[in-house]
Amino acid sequence: MEPKVPAPAGSLTWARMCKECGQGHEGQESHLYEYQDEVDDELVCHICLQPLLQPMDTPCGHTYCFQCLSSFLRDQDFCPVDRQRLQMQHCRASSLLVRNLLDKLTVLCPFHSECQQSMQRCELQPHLHNRCPGFKRLREEAERRKRPAWNEIKGSRTEGECAGDSKSTPNRTSTARGPAEPGLVNPAFEEGEDAPLRSSLVSESTVVELFRDNPEEELGLRIVGGKDTPLGNIVVQEVVRDTLAARNGKLAPGDHILEVNDVSLASIPHSRAIALLRRPCSLLRLTVMQEKGFKVRPEHHSHPSPSTLASNASQPSHNSSTVVQVTLVKRERAEPLGIKLIRKSEEPGVFILDLLPGGLAAKDGKLRNNDKVLAINGQDLRHGTPESAAQIIQGSEMRVNFVVMRHPEPPEDGMEVQSRGARRTPEPQYFRRRSSYMKEPPGGFSSQEKTVTLKKEPRHSLGITIAGGRDCRSRLPVYITSVQPVGCLHREGTIKKGDVLLSINGLDLTQLTYNEAVSVLKTQTAQSSVALRVIQTISEEDGEEDSEAANTEEMDTHEGPREDDINWSPMWTRWLGLPSQMHWCRDIALLKTNNESWGFSIVGGYEENRGHQPFFIKTIVPGTPAHFDGRLKCGDEIVAVNGASTVGMNNSSLIPMLKLQRNKVTLTVVSWPGTLV
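Just so we're clear, the structure is a prediction, and the values are computed from it rather than from any experiment.

Thresholds, definitions, all that
Residue numbers here run from 1 along each chain, matching the order of that chain's written sequence. Per-residue local features are limited, in this predicted model, to residues with pLDDT of at least 70; the limit for side-chain atom pairs, both in listing and counting, is 80 or more; totals at the level of whole chains, interfaces and linings are taken over all residues. Hydrogens are left out, water is left out, and the side-chain values use all remaining heavy atoms of the structure. Counting from the N terminus, the helices are the DSSP runs of H or I reaching at least four residues and the strands are the DSSP runs of E reaching at least two. Per-residue and other accessible areas were derived by the Shrake-Rupley procedure at a 1.4 Å probe size, with only the shown protein chains allowed to occlude residues. At least two DSSP bridges between two strands are needed for those strands to be called paired. Burial classes: relative accessible area under 20% of the type maximum marks a residue as buried, over 50% as exposed, and values in between as partly exposed (1.4 Å probe, protein chains only). The directions considered for the arc run from the helix axis to the C-beta atoms. What makes two residues a contact is simply this: any of their non-hydrogen atoms within 4.5 Å. Buried residues of nine kinds, namely Ala, Val, Leu, Ile, Met, Phe, Trp, Tyr and Cys, make up a nonpolar core once their side-chain atoms join them within 4.5 Å. Residue count minus one, scaled by 1.5 Å, sets the expected span of a helix. Only the contacting stretch of a helix is used when fitting its axis, a line to C-alpha atoms as for every element, and angles between N-to-C directions run 0 to 180 degrees. For this analysis, a ring pair means two rings from Phe, Tyr or Trp (six-membered ring only for Trp) whose centres lie within 6.5 Å, classed as stacked if their planes differ by under 30 degrees, edge-to-face if by over 60, and tilted for the remaining angles. By the criterion adopted, a ring carries a charge over it if an Arg CZ or a Lys NZ lies within 6 Å of its centre and within 35 degrees of its normal. Per-residue confidence from the predictor is reported as pLDDT, which spans 0 to 100.

**As for the overall build of the chain**
What the chain contains, in helices and strands, is 17 helices and 34 strands. Just so you have it, the chain exposes about 32,500 Å², and 49% of that area is on carbon and sulfur atoms.

**Remarks on the pairing of strand β17 (residues 350-355)**
Pairing between strand β16 (residues 339-342) and β17: four bridges, direction antiparallel. What sits directly across from Ile 342, in β17, is Phe 351. One ladder, built from two bridges, connects β17 with strand β18 (residues 372-376); its direction is antiparallel. Opposite Phe 351, over in β18, you have Lys 372 as the bridge partner.

**Comments concerning helix α10 (residues 386-394)**
Three or more residues of α10 are buried, namely Pro 386, Ser 388, Ala 389, Ile 392 and Ile 393. Buried positions in α10, seen along its axis, are confined to an arc of 165° and lie on one side of it. Considering only its buried residues, α10 is in contact with β16, β17, β18, β19 (379-380) and β20 (399-406).

**Observations regarding the nonpolar core**
Among the nonpolar cores identified, the biggest contains 37 residues, and Cys 45 and Phe 111 are the most heavily contacted of them. Among the secondary structure elements, those contributing two or more residues to this core are β3 (63-65), α1 (66-75), α3 (124-130) and α4 (133-146). One finds Ile 223, Leu 276, Cys 281 and Leu 286 within the second-largest nonpolar core, a separate group that totals 26 residues.

**Considering helix α12 (residues 514-525)**
With 12 residues, α12 ought to run about 16 Å at 1.5 Å a step, and its terminal C-alpha atoms sit 16 Å apart, in line with that. Buried residues along α12 sit against β23 (464-469), β24 (476-483), β25 (500-504), β26 (507-508) and β27 (529-539).

**Observations regarding the sheet that holds strand β5 (residues 106-108)**
One open sheet accounts for three strands, arranged β1-β5-β6; its pairing is antiparallel. One side of each edge strand has no neighbouring strand; the edge strands of this open sheet are β1 (34-35) and β6 (118-120).

**Regarding the sheet that holds β3**
The sheet built from three strands is open, its strands ordered β3-β2-β4 with antiparallel pairing. Strands at the two margins of the open sheet, each flanked by one partner only, are β3 and β4 (92-93). Sheet analysis places strand β2 (residues 55-57) next to β3, joined by three bridges and oriented antiparallel. Its bridge partner lying in β3, Met 56 is registered against Tyr 64. Running over the sheet, α1 touches β2 and β3 and is turned about 90° from β3.

**Structural notes on the packing of aromatic side chains**
The tally for this structure, following the rule as stated, stands at five aromatic pairs. Among the aromatic residues, those joined into a ring-pair cluster are Tyr 479, Trp 575 and Trp 672. Stacked on the ring of Phe 78, the Lys or Arg Arg 83 has its end atom at 4.2 Å from the ring centre. It is Arg 121 that lies over the ring of Tyr 33; its NZ or CZ is 5.6 Å from the centre.

**Description of the confidence of the model for the chain**
Across the chain, the average pLDDT comes to 76, with 75% of residues at or above 70. Taken together, the stretch residues 148-199 has pLDDT below 50 and engages in 101 contacts with residues farther than four places along the chain or on a different chain. Confidence over residues 297-319 falls short of pLDDT 50; this stretch has 41 contacts with residues more than four positions distant or in other chains.

**Observations regarding the pairing of β24**
Counting buried residues in β24 gives eight out of eight residues, a clear majority hidden from the surface. The pairing of β23 with β24 spans five bridges and is antiparallel. Bridging across to β24, Ile 464 finds its partner in Val 483. The turn linking β23 back onto β24 is made up of six residues, and Arg 475 within it adopts a positive phi angle of 55°.

Structural data, given as structure tokens:
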């Protein structure tokens, strides 16, 4: 076989170009590289005649690319060199030494006309995505062609949201401001007379590409919303740490996902959107709408910055925290800055752990330990990782521009300073408690109780696995993660995966921790008669999750619980139908020092076709009290404001209540975990 010659990257279109190697090849073909030097024959695959990629060793002592060998063994059952019988499961990944030698091979950037750099093979992808001018040009051209106009996006939104101005231009930075809409309360737009003047809320449509070595790898996103829910849109609730999305660093909580691999998510239910996001593929392209914060009116700043973060630096600091801009100038491009970056468990983002003595940052003296890095060279890192920050720094030229947030130092006399951004002293009302606010679930969601009474041998198991408990992170009730085919309940057929446990033999299970629930279940199961009471949530949109679960149960004949069963959790929509006595709520106090916006938008209130709907958090605006506090999440349900129930309220009641709160507002919320994809 003749080796495939890479095509000039400059002649490729964005759609046909591989986003990892910068060359043009089919999705299932191996990546192509241009090597600076001749490569030793021992490091060459004897199928594609190229240096090895993901090398695999055969039992007979030969080494091939993983992709090449997989393709070959689909049609043949022998080694390509010595023709000994061979199966893929008998092959093993090559040693770390071999893989490191391959990663260190020197390759050329494929964009010769615009970039003449050479680097180790393992560094090509970060170079393309962060430093290469040719790759950046192609990406921006593709995004300009692909990006819908803001008015088109607004025009496709669900009923209850206002349409945009049909004359608006389709530029990247979009603004939206208008009167209050039916079903949409947006305190983020409210301004007091002496508030800092803001022209509009800036939103931006962008394309985020996620590459997966394993097509079935989880993205690490928790998702809320959908056509069948009050939110309407599909919204990112959380980016899970140490996952693919977190390492990518471009998605953040509050992002609205508009498309998945060119398939629109407008007007589709939650379960369908989740199925699209979970579909196995090597490249996932997400078109998202991201809130960028408020744009300051030019007349108040003689030199306005194009960056929202930088403009926020000139705003009054939020509750004594300050935003600082620092520029470090290197003597040469490769000079290290002398900064150690970390992440914290209690707050998202990147923080400065230490400044190395004698380093550039320490000599400059403007950065400090514990500063939170908001942006580097204009790239948003509010939900970034130390790894993504390090890549930006390594790819920078002589000047490195930091935007950091700094909390005030605690006073020496021991007096406590309360700051929204600083670590909070735990308050009793912050912790979740059983909700006392009685209300109906959102339209289209309900629940029904089921009771099963069994006569059984004391030694026989019920055959269920459970999760949840009031001690878990989200304070969930105990729910069933699987019904095993060998158990009593499977044969009876009433109890299903996802049902929430209410009681067993009259003993309440709804307020127990996980270990307490396990102990009670074991004790009661040992009896000859068991009465189990559960609650099942129902929605008008039959989710794909239910049919998939049913098919799985029919096919399973094994006796033990699988790892998938133990880790399974219900979709976000499953929780919406639970009655309010099953809810746990918590109080979140937001603080501000001027008449700035609280920084969140709400959907809900009275709707003609569905009556009174609960209020849900739909958007949290960057650079506002709600964002800096960090506890509110998209998809949270507001059940009270300053202790006054929101049940039965409409927009005209809730808006004045929020406006009247000048420096502090306490929101009582119920929060359910988003669906994990």
